[in-house]
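Structural characterization, general
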Amino acid sequence: MPGASPRTLATAGRFCVTDIGSTTTKAILFEKHADRWRFFRQEAPTTVEKPCEDVSVGVLRAFRALERETGRKLLERDIPCVPYLSTSSAGGGLAMVVTGLIRDLTAESADRVALGAGAIVLDVIAMNDGRTPYRKIEDLKTMRPDMVLLAGGFDGDNTSGPVYLAELIAESGLHPKLNPSARLDVVYGGNINARKYVAQVLKKDYQYHEVPNVRPEGARENPAPARRRIHELFMEHVMSQAPGYESIKPLVAAPIRPTPAAFGNLLALLSRDLGKTIMAIDIGGATTDVFSAVKGRVFRTVSANLGMSYSIRNVAENGGMTDILRLIRAESDVSDAPPTERELWDRVGNKHIHPTALPATAAHARTEWAVATVAIRRAVIQHLRVMHSTIEEHQTERPELDVLLRGSKPNWMKEIEIADRIDLALEDYDLIIGSGGILSHSPRGAAAMILLDALQPDGAVELAVDSAFMFPHLGILAELDEELALELCSELGIVRLGTVCAPAGHGPAAEVRVLGSTTTGRGIDIRAEPGTVEPVPLGEDETAKLTWTVHGVSNQLTAQGGVVGLVVDNRARPVELSARRLALGDHVPASRDAEPEIEKRLVSGDIRMRRELATPGKVLVSPGDRVGPDTIVARSVRQFLRPFFLDIASALEVAPDQAAQYLVKKVGDELGLGDIIASRPRRFLPPKVVRSNVRARIEKVLPNGAVVARELPELAKEYTTVPVAKELGKAARKIKPYLKVEPGQAVDRGQWLAVDPARGFRFSASPVRGKVNRIDLHFGVVIIEPLLEKEEVRAWFPGVVEETSDRGCLVVGRGVTVNGIWGMGGERHGRLTLGEPTEDSIVVRQFADADVLGRLEQRNAAGLVTGGVHLQDVLGGDLGFTIVVLGGFGRRQIPSELQSALEAHEGRLALADGTTQLRVGVRRPRVVLPEIP
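Residues numbered from 1 in each chain as written. Predicted model: local features only at pLDDT ≥ 70, side-chain atom pairs only at ≥ 80, totals over all residues. Heavy atoms only, no water.

Scanning the chain from N- to C-terminus turns up 23 helices and 50 strands. Here the chain holds 933 residues, and 56% of them are scored as buried. Put simply, of all contacts in the chain between residues at least 6 apart along the chain, 66% involve residues at least 24 apart. Carbon and sulfur atoms provide 48% of the accessible area of the chain, an area that totals close to 38400 Å². (Helix = DSSP H or I, 4+ residues; strand = E, 2+ residues; numbered from the N terminus. Buried < 20%, exposed > 50% of the residue type's maximum accessible area, 1.4 Å probe, protein only. Contact = heavy atoms within 4.5 Å. Areas by Shrake-Rupley, 256 points an atom, 1.4 Å probe, with all protein chains shown as cover.)

This part takes up the pattern of salt bridges. As a working rule, side chains carrying opposite charge can pair if their charged atoms are close by. Evaluated as defined, the whole model comprises 39 salt bridges. A salt bridge links E31 to R72; the nearest nitrogen and oxygen atoms lie 2.7 Å apart. Taken together, the positions of E31 in strand β2 (residues 24-33) and R72 in the loop between α2 (55-70) and β4 (75-76) put the pair 41 residues apart, joining distant regions of the chain. Between E167 and R710 there is a salt bridge, with its nearest N and O atoms 2.7 Å apart. Note that E167 is positioned in helix α5 (residues 160-172) and R710 in strand β34 (residues 706-711), a separation of 543 residues in sequence. With a relative accessible area of 17%, R710 lands in the buried category. (Salt bridge = Lys/Arg side-chain N within 4 Å of Asp/Glu carboxyl O.)

For the rest of this paragraph, the subject is the sheet that holds strand β10 (residues 185-188). Sheets are built from strands that pair by backbone hydrogen bonding, the pairs being arranged parallel or antiparallel. Spatially, the five strands line up as an open sheet ordered β8-β7-β9-β10-β11, and their pairing is parallel. Edge positions in the sheet fall to β8 (119-126) and β11 (207-210), since each has one partner strand and no second. Averaged over all adjacent pairs, the angle separating strand axes in this sheet is 20°, with direction ignored. In the packing of helix α6 (residues 195-202) onto the sheet, contacts are made with β9 (147-150), β10 and β11, and the angle to β11 comes to roughly 170°. (Pairing = 2+ DSSP bridges. Axes fitted to C-alpha atoms, helices over the stretch in contact; angles between N-to-C directions.)

Taking 1.5 Å per residue, twelve residues should reach 16 Å; helix α16 (residues 444-455) reaches 17 Å between its end C-alpha atoms and fits that length. Along α16, the positions that sit buried rather than exposed are G445, A446, A447, A448, M449, I450, L451, L452, D453, A454 and L455. Downstream of α16 by a residue or two, Q456 has a phi angle that is positive, lying close to 50°. (Expected span 1.5 Å × (residues − 1).)

Our focus in this paragraph is a nonpolar patch on the surface. The grouping of W752, F761 and F763 at the surface amounts to a nonpolar patch, some 300 Å² of accessible area in total. The topology assignment puts F763 in strand β38 (residues 762-765). Of the residues examined, F763 reaches a relative accessible area of 39% and is grouped as partly exposed. (Patch = residues over 30% accessible without salt bridge, like charges linked within 9 Å, V, L, I, M, F, W, Y side chains within 5 Å.)

What follows covers the packing of aromatic side chains. One pass over the structure, following the stated rule, counts eight aromatic pairs. Between F15 and F30 the ring centres are 5.2 Å apart and the planes differ by 25°, which places this aromatic pair in the stacked class. Of the two residues, F15 is situated in strand β1 (residues 14-20) and F30 in strand β2; the sequence distance between them amounts to 15 residues. As far as the burial class goes, F15 and F30 line up, both buried. By the ring-pair criterion, three or more aromatic residues cluster together here, those being F15, F30 and W37. (Phe/Tyr/Trp six-rings, centres within 6.5 Å; stacked < 30°, edge-to-face > 60°.)

Another aspect to go through is the pairing of β1. Within β1, six of the seven residues are buried, which leaves the element mostly enclosed by the surrounding structure. Here seven bridges tie β1 to β2, and the two strands are oriented antiparallel to one another. Along β2, the bridge assignment pairs V17 with I28. Taking the residues that link successive antiparallel strands as the turn, the β1-β2 hairpin has three residues.

Here the focus is the sheet that holds strand β36 (residues 746-747). Taken in spatial order, the four strands of this open sheet run β35-β40-β39-β36, and their pairing is antiparallel. Taken across any chain shown, the strands that pair with only one partner, and hence form the sheet edges, are β35 (720-722) and β36. When β36 meets strand β39 (residues 770-776), the two strands line up antiparallel, connected through two bridges. Bridge pairing links V747 to G770 in β39.

Locating T259 in the fold gives a position in helix α9 (residues 259-274). Residues in contact with T259, not counting those within four places in the same chain, are D19, T87, S88, S89 and P472.

With respect to the helices and strands, the residue T277 is situated in the loop between α9 and β13 (278-283). Take T277: its relative accessible area is 13%, and that puts it in the buried class. Beyond its immediate stretch of four places on either side in the chain, T277 contacts A293, V294, L424, D428, Y429, D430 and L431.

It is worth spelling out helix α23 (residues 896-904) at this point. Turning to α23, its buried residues are L898, Q899, A901 and L902. Taken down its axis, α23 places every buried residue within 160° of arc, on the same side. Facing away from the buried side of α23 by more than 90 degrees, the exposed set consists of S896, E897 and A904. (Arc of directions from axis to C-beta.)

Within strand β16 (residues 431-435), five of the five residues are buried, which leaves the element mostly enclosed by the surrounding structure. Residues L431, I433 and S435 line one face of β16 and the alternating positions I432 and G434 line the opposite face, and both faces are buried. One ladder, built from five bridges, connects β13 with β16; its direction is parallel. Residue pairing for β16: A280 is matched across the bridge by I433. Judged from the four bridges that link them, β16 and strand β17 (residues 459-466) form a sheet pairing that is parallel. Directly across from I432, in β17, lies its bridge partner L463.

Evaluated as defined, the whole model comprises five cavities of 30 Å³ or more. Forming the boundary of the largest cavity are M127, R131, P133, K136, Y164, A746, V747, D748, R769 and L787. Secondary structure elements with two or more residues in the lining of the largest cavity: α4 (133-142) and β36. When grouped by side-chain class, the residues that make up the lining of the largest cavity number six nonpolar, no polar and four charged. (1 Å grid on protein atoms, 1.4 Å probe; cavity = no way out; pocket = protein on both sides within 12 Å on 5 of 7 lines; lining within 4 Å. Points joined across faces, edges and corners; volume = space filled by probe spheres on them. Nonpolar A, V, L, I, M, F, W, Y, C, P; charged D, E, K, R; others polar.)

Our focus in this paragraph is the environment of I932. Of note, I932 is situated in the segment after β50 (926-931). Each C-alpha atom of the pair I932 and G628 lies 9.7 Å from the other, and the pair is 304 residues apart in sequence. Setting aside residues no more than four positions away along its own chain, I932 makes contact with P798 and L909.

Its location among the elements puts T159 in the loop between β9 and α5. According to the relative accessible area criterion, T159 is buried, its value standing at 8%. Those residues within four positions of T159 in sequence are excluded, and the remaining contacts are N191, N193, A194, Y197 and F645.

Pasting the structure below:
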């Protein structure tokens, strides 16, 4: 019923709400029956990936699943015939690129701003990051960010650096990952003097936004305005850009809201209605959101690299595997041997590459519980840290993590008053609510265990869960009907787990005794030994007046009951053992109504490949030319020259439109250091002149009275030799430990090549901008060549050129494409062999262990096609060859159909590309078996 009035929802007695998540689409039908509300819930994989790439497909599948379950007619010609609302977070977490001039200064500040805004930082681009400009553009092109934060320069510094970075962004042609036809958001938070010039470069092709400089001075950061703007843009633009989103908009009875915004709406209502300070944790596939709500005010952070599917590897790789393994071993029974670390890595890897898969066994469910525990703990630490971040920026040392989680507030918190800030430690919360698939769908005891092990509260706190992951659904309803949203939340949405009583906290181990009685007259007398967790039945409608005694000190507590009851947690903090008593028994989730479609694994026929440079260059082939894997089809040789902005009008003290008449140098003229650019006569005084402080060539005169000059190519010398040993005062062969550059690295003028901090901080700086050609330790010199960049693109696929462009060509031919599951490494080619590896061969193995990988590396193989590998064996970087995995992690096999295709091609040319991107805009690895006439 598109366009139905929201006011009819309560009286209609039936309506449907969907939440389109990054992994699954959750549909809930609310229905009033005999004056009581009930709900039916179904889900389907979110269809952001090929072959669908349209989230409306997943929505319709979830609706049809509800129709099958309920027997109700909810669709007419694929259009909802009941009132319909929706939220969306199909875009997953916020992916950003940040830029700055100096990697350790403004770029680092920008990086902290992005992380504080809850972003996944894909890359940090800096003037001195060692990459050539062309490489920066190439790297930008391979990324699919949601947003760019462009910083650089202190206020009042030279304007050329930020503008130069803006030009690199402009040349990269970035587009949003979820909508290639839209303009990408770029937030500029750099030198205020460069704003108007940066805007001129970016406004045409990007959504351009200005904020105050994130680092206006060397010793001062100002991150808050940039963080706020990033949050706003994320909520306004990114969350709504999933493919197919536009086709859903006409179907809903109210505007689609971002999932986190809807979730926050409901928490604001609950905190006012219950009069409690609430923490809510929403753990999803890509992100974990943490909310604090007090008297209707809500503060949210998003940990964009902590999640249960797309981000599960991040949880393990960022130092979490030790904790995950410890928790799993603590939860395993004696008869159930815990997994080895290698097996656990494979479980994590397989969830990562199959993000919608549900755990098939109880052991796999326990793995996910342990991962969720670690992810939640880290997300809450980040949440509390960001709430305190404005204060932290005034400190020389960060607070300890334990201080952030609990304990009295440090004195320094009282010294600075922060407007509109929610300033809480963990013991300040009255109620903790868990949400997200892993918490809503696991047994209630397991959900309590996860929250308790993750947060390890002191004192007493109530625990609850979102009953069926419906808080976002109720949050969008709250915008339309607060009374109905609260009614449904109380009756259907929130499940009270009970109250945790943790008397010992950080004190020494001792027995705890808990005495009291319930409102039903039942007595409670519990003795909890040190290190134990004791659950006590206490019904949802019961409360208990209790006294706990530890070390002879007594405290009073009123405990609210729940499905788990009262939990006496007598473990010292930090805990070493899991509260596994709360989750006894096996649990295997039911399968979904529908699993996601995947691309065909084997495709035969015509193949068309576009082979292009990142920027325009010289194309070396013509239509009709036959090309092989090593044929160079396009080449680019160029210098990326920085712009300089010389404000002539201001310097001469004239109106902008008068500046041109006083120019001594014209467009196309070269400028040397000290050359007069403009001169204005004055009566009785010498002329007022403007001199150049750069070596450059005038490119144009802007309407605002500024001259744009581009730096001169530094070709006066073919090479520049810098006497590093002499400048450091050391013997030539002893300079190696002091070097800060390496061959092939791009360097800027003035960049340190070597530093000796022990001798009065002596350094050797580059006198030119260029690229390190070589370092000669015999003479103690660094040789720098002009920054002429040569880039080439090869055909890779053997075929015929069908068409060309200013960047490359389209190659066509025939063959078989074998689509993989996961891979690493770039494009390689070689002879396909099922036998022993030889140099530049592509080797096929059913399974590749560490020994196989070692032999391929020793023999310089080009690639490996395999059914399975252990994830632990391929962590940590490039092995020197490309890997395409066709089965998964662990002892997997190549599917028989794919194995037959590979065997039939043995001894012939094969192509392998390990590129893997598992988020929207998905790219899986592939093996191409070309037909060569």
